[in-house]
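Architecture and fold: a report
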Amino acid sequence: MNKYRFELSRGISVWKISSSVNKISFFFSAMQHTNSQNYLEENLRAVTSIMVAQFLQKLTYEKVQTIVKELLDLAEKCKSLKPHESPSECCHQLMTTFLEHICNNQVLADRHVFSDCCNTNNSARHKCFLSYKKDVAGYSDIFQISNPEQICEIDKENPVPVKEKSAFSISAQLLTPLFQGVTQECKILPSWRYIYETSRKHPFLYGPTILTMSACYETAVQSCCREENKTECFQIKLEPIRKYIREISLRHHHLCEIGIKFNHKVAKAVELVLLTKKQPRANFSEIAKLAMDIKNLHQICCEGNAVACVLGRSQLMNYTCSKQATLSSKITPCCELPEPFRGECIIISENDEPDPSSLPLSRFTEDQFVCKQFTDKQDDFLQEFLYEYSRRHPELAVPVILRVDTVYQNLLGKCCKLENPLECYSHGEEMFQRVVRESHEHVKNQCDLHEKLGDSNFHDRLIVLYTKKAPQLSAQELVIFTKNMAAAATKCCPLNDEQQFACMENSAKLILGALCRRHEAEPINAGVGHCCDDSYAFRKPCFDDLQVDATYISPHLSCDQVVNLNEDLCRAQEEELQTEKQKLLSNLVKQEPYAAEMQFQSVIVDFAHLVEMCCQAEKSEICLQEE
């Protein structure tokens, strides 16, 4: 096998080739199979389809494939580069050509509201196109479990080429818990329709993940279409895949937001903590290098260049597997897999056991030369502190560790200006413990309240709190946002104390990240803006402390605008009825944000009694109108 060294430097993919070759492929598998085609040759169409569908989300499947076919001519050239030519340049040219294709097609540009983007230069044009990507709320793809015959019919209509069926065959057990419920083997069998639907509904989901999921989707479909009870089979095998996609898409979008909103130091710090927690036995220099590489890879993937993203992930995982002896003992089974499974497996692998021989953290708070190290090489010194603190506290969530890091940085910034800095920063350990304790206590208070009130009433409490903080959001938006927070409490609060803390913090960072993206698209208020923009580490505490938005003046609402009282309520399912009740609650809080909570609850109780009474009446519509 030819030896390649892949670097990610300054966000640009650079290949260094140690021997001359006649053909360079974007991807090569860690395992050589005599009957397998080159990885890129098998998946080039799929990867290009991902890129097109994620940018042109409204385009039909047929039109996406037409554009893909035109782009493939250029992509094919990338597979036969000369040794001195860089694939990164070809990837960049592919993206440039794609955007030019859109701009040269006036109908296409107008339909997707890209005309303003097309009037800018290349760099600004790319950013403009990215700004139009939108996650589709309430995503429900065309492959409904309730319609198994349609799934099987679509699968028949989109056969996979025979050469692709001869690709890799691996055991899904190695990817547990990723594919829980998918007991058959996963094969690299791209399902074009599935790739299209998943890509356009999840425009920030990374290409390698879509390839992995499409392979296991195809395997599940082929298995279930042979079963007599197809519906039950699909429910068992497809739901875990859908759940994983929803969760990982949210995480990918969140990582993209960090890279765009905050400086590169924050993005690198996040990766450094994640890597250290996963690979606590690896030395600092290796973790720091990988953190920079992964940060830059996220930048590439977030820019929407699926080809470069798949290339970067593949090569980064090859490097990781070449260093597995010094990085982690937990990734060995993953490194035996071909792409794209290898990457996904490494990402979800368990954290390694902490290194018992770690140096004491006291050298950051008791050494007299701390200020010299802080002054001479501030970034390196703070990164090393973050590394050492993270490997000692794998139980803490990333935002909590970053809070400690921020407190330490501010402490040294103050202490190192004093005549006796050691006396000042020697209290650092106490401050770290206080940060963790305060964060922990807030989570515990939330979970105690959840246990006391129960799921429904806890959700109501969140609606009251966040309507006061962000009354500019519609009642529907507030219900959905707080529903996610309530669901996090339902999931996390039953866990043991340590897991509960990490679970709630990790859930909050994603939920608040989504709220901040909503603010970015359409500003909510100054308080929300401050919490979103000021500090990534302290975003949750900031929202927790946010009070009533005193600047908000609620418009006068008619009864119909406050609550929808019609006969449909009598036919509504329990969840729909709950939503209407909570929208009423939110609208009431907007009108009277300083009213006692008991007043809101009494109105909600009256509403429930009213619906129950009128729906039992002979003429329910008249009863509701009169009331």
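For the structure given in this document, a descriptive report is provided here. The structure presented is a predicted model; accordingly, all values stated were derived computationally and were not measured.

What follows is about the nonpolar core. Within the largest apolar cluster, 81 residues are counted, with the highest numbers of intra-cluster contacts made by Phe385, Tyr389, Leu402, Tyr408 and Phe543. When residues in this core are grouped by element, the largest group, 10 residues, is from helix α20 (residues 398-415). Leaving out residues up to four positions away in the same chain, Tyr408 has contacts with Phe364, Val370, Phe381, Leu382, Phe385 and Phe432. By size, the runner-up hydrophobic cluster in this structure holds 69 residues, among which are Met51, Ile67, Phe98 and Val221.

So, about helix α25 (residues 526-533). Val528, Gly529, Cys531 and Cys532 are the residues of α25 that are buried. Buried residues along α25 cover an arc of 165 degrees about the axis, so they all sit on one side. Residues of α25 that are buried in the fold lie against α11 (230-261), α22 (428-469), α24 (497-521) and α26 (539-545). One side-chain oxygen at the N-terminal end of α25 lies 3.1 Å from the backbone nitrogen of Gly527; it belongs to Asn525.

Aromatic rings in a pair are described by how distant their centres are and how their planes are angled relative to each other. All chains considered together, the criterion is met by 17 aromatic pairs. Measuring from centroid to centroid gives 5.5 Å for Tyr61 and Tyr196, while their planes differ by 70 degrees, and the two rings are edge-to-face. In this pair, Tyr61 is assigned in helix α2 (residues 61-78) and Tyr196 in helix α9 (residues 192-201), connecting sequence segments 135 residues apart. For the pair Tyr61 and Tyr196, a shared accessibility class is recorded, and that class is buried.

Secondary-structure assignment places Asp497 in helix α24. Sequence spacing of Asp497 and His440 is 57 residues, and the spatial spacing of their C-alpha atoms is 9.1 Å.

Parameters at a glance
- As a convention, each chain's residues are numbered from 1 in the sequence order in which they are written.
- It should be noted that, the model being predicted, local features are given only for residues of pLDDT at least 70 and side-chain atom pairs only at 80 or more, the latter also being counted only at that level, while totals for whole chains, interfaces and linings use all residues.
- Side-chain metrics in this entry use all non-hydrogen atoms of the structure; hydrogen atoms and water are not considered.
- Side-chain atoms within 4.5 Å are what join buried Ala, Val, Leu, Ile, Met, Phe, Trp, Tyr and Cys residues into a set we call a nonpolar core.
- For each residue, the accessible area found with a 1.4 Å probe, counting protein chains only, is set against the maximum for its type, and the residue is called buried under 20%, exposed over 50%, and partly exposed in between.
- Think of it this way: any DSSP run of H or I at least four residues long counts as a helix, any run of E at least two long counts as a strand, and we number them from the N terminus.
- Only heavy atoms enter the contact rule, under which two residues are in contact if any of them lie within 4.5 Å.
- It is the directions from the helix axis to the C-beta atoms whose arc is reported.
- By the criterion applied in these results, polar contacts are pairs of N or O atoms within 3.5 Å in which, for protein atoms, one can donate a hydrogen and the other can accept it, and in which residues neighboring in sequence qualify only through two side-chain atoms.
- When the centres of two rings from Phe, Tyr and Trp lie within 6.5 Å, Trp using its six-membered ring, the rings pair. Their planes under 30 degrees apart give stacked, over 60 give edge-to-face, and anything left gives tilted.

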